[in-house]
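If you want the building blocks of each chain, they are given just below.
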Amino acid sequence: MLGFFFVYPYLLIYSFSALLTSGQSLIFGTQEFWSVSLCLALMSLIFGSLVGLLQGILVIRRWGAVPRRPLWWIIGSAIAWGVGYPLGEQFLASLLWHGSTPFPQSATVLIVGTTWGIIGAITGVVLVWVGRARVKVR
C-alpha cells in the first residue's frame, strides 16, 4: 500500500508530462524528453530511498542482514531505483516507441523486464555486500 502511495505521484507526473508536452517528452532526444527524464530520475531517487528506508527498518534489519549498515542499503536502493526506472521506463520505452503507432506487447514485456532487472541486480549486489559485513570467518 505504501508503494502505491509513493509511486502514484510518479505516475501522475509521468502521464501529465506526456500530455502537457503533446508526447514530446516520450521522444528520445527532445528538450522535453531530457527535462522530464531528469525530473523522473530525481523522483525515482527519492522513491528508492523511501523504499530502502522502509525495507531496512521493517524487513532487512529484523532478518539480521543489515545490523550496522542500514544507510548503505538505503543508498543502494535509491541508486537502483534512480537508475533502473528512468533507463527502462523512459529511455528504453522512448527508443521502442514510434510516434502514434500502438505499443506492442513484446516491447512492454521488454521494458518492464529491463526496469526490474536493473533494480534487482543493483539491490541484489548491495544486499550481498551489506549482508557479508556481519559474517566473520573463524
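Please refer to the structure placed before this passage.
Model, not experiment: these values are computed from the prediction.

1. Points about a nonpolar patch on the surface
Inference 1: Among the surface-exposed residues, Leu71, Trp72, Ile75, Ile79, Val83, Leu87 and Trp129 lie close enough to one another that they form a single nonpolar patch of about 650 Å² accessible area.
Inference 2: The greatest single-element share of the nonpolar patch, amounting to 6 residues, is contributed by helix H3 (residues 70–96).
Inference 3: Positionally, isoleucine 75 belongs in helix H3.
Inference 4: Given the relative accessible area of 34%, isoleucine 75 is considered partly exposed.

2. Examining the side chain of serine 94
Inference 1: Looking at where serine 94 falls in the secondary structure, it is placed in helix H3.
Inference 2: Other than its neighbours up to four places away in sequence, serine 94 contacts Leu26, Phe28 and Phe33.

3. Topic: the packing of H3 against helix H4 (residues 105–131)
Inference 1: Direction vectors running N to C along H3 and H4 enclose 165°, while the axes themselves pass 9 Å from each other. Relative to H4, the element H3 is oriented roughly antiparallel. Relative to H4, the crossing made by H3 is right-handed.
Inference 2: Across the contact of H3 with H4, the residue classes break down as 22 nonpolar, 7 polar and 1 charged.

4. Side note on the packing of aromatic side chains
Inference 1: Within this structure, the stated rule accounts for 10 aromatic pairs.
Inference 2: Ring plane angle 85° and centroid distance 4.7 Å describe the contact between phenylalanine 47 and tryptophan 81, whose orientation is recorded as edge-to-face. Pair noted here: phenylalanine 47 is in helix H2 (residues 31–63) and tryptophan 81 is in helix H3, with a separation of 34 residues, a long-range link.
Inference 3: Overall, the relative accessible area of 9% leaves phenylalanine 47 in the buried class.
Inference 4: Residues tryptophan 81 and tryptophan 116 carry aromatic rings whose centres are separated by 5.2 Å and whose planes lie at 90° to one another, so their mutual orientation is edge-to-face. On the criterion of sequence distance, the pair formed by tryptophan 81 in helix H3 and tryptophan 116 in helix H4 is long-range, its members being 35 residues apart.
Inference 5: Taking relative accessible area as the criterion, tryptophan 116 reaches 45% and is therefore assigned partly exposed.
Inference 6: An aromatic cluster of three or more residues is present, and its members are Phe28, Phe33, Trp34 and Phe91.

Definitions and cut-offs
Residues numbered from 1 in each chain as written. Predicted model: local features only at pLDDT ≥ 70, side-chain atom pairs only at ≥ 80, totals over all residues. Heavy atoms only, no water. Patch = residues over 30% accessible without salt bridge, like charges linked within 9 Å, V, L, I, M, F, W, Y side chains within 5 Å. Areas by Shrake-Rupley, 256 points an atom, 1.4 Å probe, with all protein chains shown as cover. Salt bridge = Lys/Arg side-chain N within 4 Å of Asp/Glu carboxyl O. Helix = DSSP H or I, 4+ residues; strand = E, 2+ residues; numbered from the N terminus. Buried < 20%, exposed > 50% of the residue type's maximum accessible area, 1.4 Å probe, protein only. Contact = heavy atoms within 4.5 Å. Axes fitted to C-alpha atoms, helices over the stretch in contact; angles between N-to-C directions. Parallel < 35°, antiparallel > 145°, perpendicular 65-115°, else oblique. Left-handed = near helix turned anticlockwise from the far one by under 90°. Nonpolar A, V, L, I, M, F, W, Y, C, P; charged D, E, K, R; others polar. Phe/Tyr/Trp six-rings, centres within 6.5 Å; stacked < 30°, edge-to-face > 60°.

Purely geometric numbers; function is a separate question.
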